[in-house]
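Each chain is listed here by its residues.
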Amino acid sequence: MLKRFGNPKALVDANAAGTVVIELMREQGLNVKEFKFTSESKARIVTDLAVGFEQRKLLLPSVGRTPDENRAVHDLEAELFNFEPTVLRSGSVRYERVSGITMTS
C-alpha cells in the first residue's frame with residue numbers, strides 16, 4: 001500500500017512484535033519510522049483524528065478504492081465514531097465505547 005502512494009514515511013507501532021514488522025518492511029525498501037505508543041499518544045491520536053473528521057480537515061477518498069480498502073475504511077470509521085472521550089479529574093482522557101465497553105488511556 002505504501003508503494004502505491006509513492007512510499008511516504010510511515011510511523012509503525014514499535015511495541016511488542018512491531019520491531020519485527022518494521023525490519024521486514026525496511027527489507028522491502030519501505031520508508032518506516034518506529035513509533036512507541038503511550039496512553040498519552042493514543043489519546044492525542046484519537047482526539048486529533050476525531051476533530052479532523054468533524055471539521056472536515058481530514059477526508060477519506062470515496063472513489064478509486066479496492067473492495068479491501070472499502071472494508072478497511074468502513075472499519076476505521078466505525079471504530080473512530082464508536083468512542084466518546086471523557087476528561088477525568090486527573091486530567092487523563094477515558095474513551096468509552098458507545099455500547100458501554102471502556103478503554104482508558
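Refer to the structure above for everything that follows.
Keep in mind it's a predicted model, so treat the numbers as computed, not measured.

Details of the pairing of strand 4 (residues 93–97)
The side chains of a regular strand alternate, first on one face of the sheet and then on the other.
Here comes step 1: The sheet contact formed by strand 3 (residues 83–87) and strand 4 spans five bridges and is antiparallel. Looking at the pairing, Val-87 lines up with Val-93 of strand 4.
Here comes step 2: The antiparallel hairpin formed by strand 3 and strand 4 contains five residues in its connecting segment, where Gly-91 sits at a positive phi of about 100 degrees.

Comments concerning the environment of Asp-13
Here comes step 1: Checked against the element boundaries, Asp-13 lands in strand 1 (residues 10–13).
Here comes step 2: When its relative accessible area of 34% is taken as the criterion, Asp-13 is described as partly exposed.
Here comes step 3: The sequence separation of Asp-13 and Phe-35 amounts to 22 residues, and the corresponding C-alpha distance is 5.1 Å.
Here comes step 4: Within polar-contact distance, the side chain of Asp-13 engages the backbone nitrogen of Asn-15 at 2.9 Å.

Some points on the nonpolar core
Here comes step 1: The biggest cluster of nonpolar side chains holds six residues, and these are Ala-10, Val-12, Ala-14, Ile-22, Leu-30 and Val-32.
Here comes step 2: Apart from residues no more than four positions distant in its own chain, Ala-14 is found in contact with Thr-19, Ile-22, Glu-34, Phe-35 and Lys-36.

Criteria and thresholds
- Residues numbered from 1 in each chain as written.
- Predicted model: local features only at pLDDT ≥ 70, side-chain atom pairs only at ≥ 80, totals over all residues.
- Heavy atoms only, no water.
- Pairing = 2+ DSSP bridges.
- Helix = DSSP H or I, 4+ residues; strand = E, 2+ residues; numbered from the N terminus.
- Buried < 20%, exposed > 50% of the residue type's maximum accessible area, 1.4 Å probe, protein only.
- Polar contact = N/O pair within 3.5 Å; in protein donor to acceptor, adjacent residues only side chain to side chain.
- Core = buried A, V, L, I, M, F, W, Y, C linked by side-chain atoms within 4.5 Å.
- Contact = heavy atoms within 4.5 Å.

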